[in-house]
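Spelled out, the chains give:
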Amino acid sequence: MGLKKVNKSLVVQKYGGSSVADQEAIEKVAEKVISSARSGQKVVVVVSAMGKSTDELIKLAKEINPEPSEREMDMLVSTGEQVSSSLLAMAIHKRGFDALSFTGPQVGIITDTYHTQAKILKIETDRIKKQLEKGKIIIVAGFQGVSTALEITTLGRGGSDLSAVALAVSLNAQLCEIYTDVEGIYTTDPRKVKSARKLPFIAFDEMLELASSGAQVMHTRAIEVAKKFNLKLHVRSSFSKKEGTIIMEKPPLIEEVIVRGVTLAEDEAKVTLCDVPDRPGIAAFVFDQLAQSGINIDMIVQNVSRRKMTDISFTVDENKLKKTISKTKEISENIGAGRVISNKNIAKISVVGIGMRSHSGVAARCFSVLAKNKINIDMISTSEISISCLVKKESGKKALRILHKEFKLDKKKKRGKR
Ligand code: ADP
Ligand code: ASP
Ligand code: MG
């Protein structure tokens, strides 16, 4: 056994769940990895858990205990990636190449202590470097690390992207390739809109907005880290050799793009705290208390005050709704506010593009095309390069298609033969 030692450059490749879903898929990944190693590259591979196995582990946990402790959840779900990484190593060995699989803790991925949502603090790369020098292919179980309190932690759903990017940065990799089940980043989720178009390039800022607005294709914090260290990412399919999408600081200006993409998030819920005393410091108190409980807020709207009382509405991840309601009730009692109501029947639609910095009128175009189609907007939030509107859940998909078309993102139709 032995890896040819040309080792011109180092590449980090990440394979998502569907890319390692079963034996056949794992064998294909092994071939791909070996072909990179054969071309003389040092290869570090990051894998996700097989197929939907993380979802299955979470389901199983909740059947045993509807409110499992976050520490035990990390103990449980981190095993998914351990399975796929060791199986991939075996598939590579079978082909006569040398590979070693590691868990996140084994390769020194050190995180803070926030179970299920931990942040990477540093990576001690000595062990990987030593093994790379020996010509081994390194396989790292994604999505996990070890906390400063020596506990196993996970990085949040989809966190293997972050493991890959953080490793690529720490090891000074030339390239970080994200292999997934679509051919790259599209103008919108190609599974929801058939006419979605693959983008050759996208800017970090745009990808960051798309990811944080619900495009699950890349983990938000992975993009943050890539942007911070200006690491180019290549998102591409594990099932084809086609070029995918390059995520980079400044994409070449092939055409002037105002809107780069549209997303639909259907997993948020709205919470309204009624009759809040309208005086300075109250909003700060409410959101500080929520933040301290680990609840991330997305959109916020405060109504016009009537008789020194106002309503504050905000949106959160649907799976944090129960926790949010009980915390908000506690806050309400504390500040002498009124009822807490919630609504799961919502969807958020976001339009993203750095071209918006220099073009006005995008918001007006969004609102008017939604109005023309009788879609009512419940909440609005904007940033320099994005506009998000909250609509009823049943209008979400229609709104997505309408906005995709309005901003000319649809794939050009192939002309029929003459
Ligand atoms: P992996 O398991 O490889 O990490 P994910 O399921 O996390 O893959 O992400 C890939 C999925 O992201 C695609 O199957 C697609 O449905 C979805 N997706 C959402 N928005 C986009 C987009 N703008 N471009 C490409 N894929 C998208
Ligand atoms: N297996 C984890 C998840 O399903 C991490 C990942 O796939 O990136 O969220
Ligand atoms: Mg993913």
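Conventions and cut-offs
- Residues numbered from 1 in each chain as written.
- Chains lettered and ligands numbered in written order.
- Predicted model: local features only at pLDDT ≥ 70, side-chain atom pairs only at ≥ 80, totals over all residues.
- Heavy atoms only, no water.
- Helix = DSSP H or I, 4+ residues; strand = E, 2+ residues; numbered from the N terminus.
- Rg over C-alpha atoms; globule rule 2.2 N^0.38 Å.
- Contact = heavy atoms within 4.5 Å.
- Areas by Shrake-Rupley, 256 points an atom, 1.4 Å probe, with all protein chains shown as cover.
- Pairing = 2+ DSSP bridges.
- Axes fitted to C-alpha atoms, helices over the stretch in contact; angles between N-to-C directions.
- Buried < 20%, exposed > 50% of the residue type's maximum accessible area, 1.4 Å probe, protein only.
- Salt bridge = Lys/Arg side-chain N within 4 Å of Asp/Glu carboxyl O.
- Phe/Tyr/Trp six-rings, centres within 6.5 Å; stacked < 30°, edge-to-face > 60°.

Draft legend 1. How the structure looks around the overall build of the protein chain. Broken down by element type, the protein chain carries eleven helices and 20 strands. Expected size for 418 residues packed as a compact globule is a radius of gyration near 22 Å; at 23 Å, the protein chain falls within 12% of this value. Taking the intrachain contacts of the protein chain between residues at least 6 apart in sequence as the baseline, contacts between residues at least 24 apart amount to 76%. Counting only carbon and sulfur atoms, one obtains 51% of the accessible surface of the protein chain, whose full area is about 20,800 Å².

Draft legend 2. Focus on the sheet that holds strand β14 (residues 268–277). Read across the open sheet, the four strands follow the order β15-β16-β14-β17; overall the sheet is antiparallel. The open sheet terminates on both sides in strands that have one partner only, identified here as β15 (300–302) and β17 (340–343). The sheet shows a mean angle of 15° between the axes of neighbouring strands, taken without regard to direction. As paired strands, β14 and strand β16 (residues 309–317) are joined by eight bridges and run antiparallel to one another. Directly across from Glu268, in β16, lies its bridge partner Asp317. Contacts from helix α9 (residues 321–335) reach β14, β16 and β17 within the one sheet, and its direction differs from that of β14 by about 5°.

Draft legend 3. The environment of Leu57, seen in detail. When you line up the elements, Leu57 lands in helix α2 (residues 53–64). We classify Leu57 as buried; its relative accessible area is 17%. The spacing of Leu57 and Gly80 is 23 residues in sequence and 8.1 Å in space, taken between C-alpha atoms. If sequence neighbours within four positions are ignored, Leu57 has contacts with Leu76, Val77, Thr79 and Gly80.

Draft legend 4. Just the pattern of salt bridges, in detail. One pass over the structure, following the stated rule, counts 28 salt bridges. The closest approach of N and O atoms between Arg95 and Glu27, which form a salt bridge, is 2.7 Å. With Arg95 in the loop between α3 (70–94) and β3 (99–102) and Glu27 in helix α1 (residues 23–38), the pair connects residues that are 68 residues apart, well separated along the chain. Taking relative accessible area as the criterion, Arg95 reaches 25% and is therefore assigned partly exposed. Residues Lys122 and Glu124 are paired through a salt bridge, measuring 3.4 Å at the closest nitrogen-oxygen approach. Overlapping salt bridges bring together Glu27, Glu31, Lys94 and Arg95 as one network.

Draft legend 5. Up close: the packing of aromatic side chains. Inspection of the entire model under this criterion finds two aromatic pairs. Considering the side-chain rings of Tyr15 and Tyr179, the 4.7 Å spacing of their centres and the 5° angle between planes classify their relative orientation as stacked. Residue Tyr15 is found in strand β1 (residues 10–15), and its partner Tyr179 is found in strand β9 (residues 175–180); the two are separated by 164 residues along the sequence. Neither residue differs from the other here; Tyr15 and Tyr179 are each classed as buried. Where Phe287 meets Phe314, the ring centres are 5.5 Å apart and the plane angle is 80°; that geometry is what we call edge-to-face. Of this pair, Phe287 sits in helix α8 (residues 282–292) while Phe314 sits in strand β16, and the two are 27 residues apart along the sequence. Phe287 gets classed as buried once you look at its relative accessible area, which sits at 17%. Exposure remark for Phe314: the relative accessible area of 0% places this residue in the buried category.

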